[in-house]
Amino acid sequence: MEHRGSVKPFVNFNAKHDAEILHKAMKGIGTDEDAILMLLAARSNDQRQQIKAAYKKAYGKDLVSALKSELGGLLESLIVALMTPPSLYDATQLHKALKGAGTDDDVLIEILASRSREQIKDIIKVYKKEFGGKLEKDISGDTSGHFQKLLVILLQVGRGGTCGVDEAKIEKDAKDLYAAGEGKFGTDEEKFITILGNRSAEHLREVFDAYKKISGSDMEDSIEGETTGNLENLLLAVVKCARSVPAFFAEGLYKSMRRAGTDDETLMRIMVSRSEADMLDIRASFKKMYGASLYSTIQEDTGGDYQKALLYLCGGND
């Protein structure tokens, strides 16, 4: 697959050498935050894991603990996130969203609507290993209704459901969705979640076109008119990810910054988790959708070393 991330593996990589640089940056009085963030943002996650191993071998201590004791605030959170393997990072975010008072539905929605089948499988495995529980059981225990059912469906199939386009089903799916919502009084949520949860992204894009011909409206508008609350948000995320994952994340980034007060949790989560996946496409979508570059928006909305690290992950100004 073509690499669409802003962060790529560093070419002349030497884990032992990098561990030494980090050690020097943390030694003595004061910490060289610049050296730390420049180095780690320019290495792939896989390379960061190798640096972690080399650091322990050379200095007999855990690199992440060392970084935590030297850094603080948002920069610390961001660096710790960068040091976490991707599926563990997702699993940890989900666990955090589920435990504690109230459930952070937005995190469940963002991760489960956007990750591929392979990624979901890894997340489930790592979640069990790390937190000793079953992700599906924990999600079911913390959610209810059709929202819960669709999350469980996404845990089975991941984004884009089963593969390919089923030509024979396109027209029927579009008609069924119309009949389940706009075409009747009340809404048949069951139909929405079964079709939107189980079809591939390619197939759904064809269904949305057929749906527009039948109903005259976009799928998103119908969902907004027919459903509410967290179910509405999840259905919209599934539809948006079927249309374009980068556009889905561009919107997430925009919303995280363009409100009163920056939602740093979301901003960080997206920048970290997409830096090696599709950040270049997200940047292009962002510019197209909002007329400003992601880079300049981050510059206006954040500050300090935290800002510097985010801009490295963004990778360039469009």
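Coordinates for the structure precede this section.
Let me sum up the structure you'll find in this document. (Residues numbered from 1 in each chain as written. Predicted model: local features only at pLDDT ≥ 70, side-chain atom pairs only at ≥ 80, totals over all residues. Heavy atoms only, no water.)

1. Some remarks on the pattern of salt bridges
Opposite charge on two side chains makes pairing possible when the charged atoms of those side chains draw close.
Here is step 1 of the chain: In this structure the tally under the stated criterion is 22 salt bridges.
Here is step 2 of the chain: Put simply, Lys308 and Asp34 hold a salt bridge, and the shortest N to O gap is 3.0 Å. Of the two residues, Lys308 sits in helix α20 (residues 304-314) while Asp34 sits in helix α2 (residues 33-41), which places them 274 residues apart along the sequence.
Here is step 3 of the chain: The class of Asp34 is partly exposed, set by a relative accessible area of 29%.
Here is step 4 of the chain: Of the charged contacts, one joins Glu118 and Lys121 as a salt bridge, the two residues approaching to 3.8 Å between their closest N and O atoms. Here Glu118 and its partner Lys121 are both found in helix α8 (residues 117-131), 3 residues apart, which amounts to about one turn of the helix. (Salt bridge = Lys/Arg side-chain N within 4 Å of Asp/Glu carboxyl O. Helix = DSSP H or I, 4+ residues; strand = E, 2+ residues; numbered from the N terminus. Buried < 20%, exposed > 50% of the residue type's maximum accessible area, 1.4 Å probe, protein only.)

2. Brief notes about the environment of Lys52
Here is step 1 of the chain: With respect to the helices and strands, Lys52 occurs in helix α3 (residues 45-59).
Here is step 2 of the chain: The class for Lys52 is partly exposed, based on a relative accessible area of 28%.
Here is step 3 of the chain: Taking C-alpha positions, Lys52 is 50 Å from Leu177, a pair spaced 125 residues apart along the chain.
Here is step 4 of the chain: Setting aside residues up to four positions removed in sequence, Lys52 forms contacts with Asp62, Leu63, Val64 and Met83. (Contact = heavy atoms within 4.5 Å.)

3. Structural notes on the packing of aromatic side chains
Here is step 1 of the chain: Inspection of the entire model under this criterion finds 7 aromatic pairs.
Here is step 2 of the chain: Consider the rings of Phe248 and Phe249, whose centres lie 5.2 Å apart with planes at 70 degrees: the pair is edge-to-face. Residue Phe248 shares its accessibility class with Phe249, and that shared class is buried.
Here is step 3 of the chain: Ring centres 3.7 Å apart and planes at 0 degrees place the aromatic pair Tyr254 and Tyr290 in the stacked group. Of the two residues, Tyr254 is situated in helix α16 (residues 245-257) and Tyr290 in helix α18 (residues 279-290); the sequence distance between them amounts to 36 residues.
Here is step 4 of the chain: Classification of Tyr254 by relative accessible area gives partly exposed; the value is 28%. (Phe/Tyr/Trp six-rings, centres within 6.5 Å; stacked < 30°, edge-to-face > 60°.)

4. Here we look at the environment of Val207
Here is step 1 of the chain: Positionally, Val207 belongs in helix α13 (residues 201-215).
Here is step 2 of the chain: Between the C-alpha atom of Val207 and that of Ile170, which follows or precedes it by 37 residues, the distance is 5.2 Å.
Here is step 3 of the chain: When sequence neighbours within four positions are dropped, the list of residues in contact with Val207 reads Ile170, Asp173, Ala174 and Leu177.

5. A closer look at the side chain of Ser114
Here is step 1 of the chain: Its place among the elements puts Ser114 in helix α7 (residues 105-114).
Here is step 2 of the chain: Judged by relative accessible area, Ser114 falls into the buried class, the value being 0%.
Here is step 3 of the chain: Looking at Ser114, its side chain comes within polar contact range of the main-chain oxygen of Glu110, at 2.7 Å. (Polar contact = N/O pair within 3.5 Å; in protein donor to acceptor, adjacent residues only side chain to side chain.)

6. Focus on helix α11 (residues 167-180)
Here is step 1 of the chain: Here α11 is 14 residues long and its end C-alpha atoms lie 21 Å apart, about the 20 Å a rise of 1.5 Å per residue gives.
Here is step 2 of the chain: Inspection of α11 places Ile170, Asp173, Ala174, Asp176, Leu177 and Ala180 among the buried residues, and these make up the whole buried set. Relative to the axis of α11, the buried residues are bounded by an arc of 165 degrees and lie together on one face.
Here is step 3 of the chain: Those residues of α11 hidden inside the fold are in contact with α12 (189-198), α13 and α14 (219-226). (Expected span 1.5 Å × (residues − 1). Arc of directions from axis to C-beta.)

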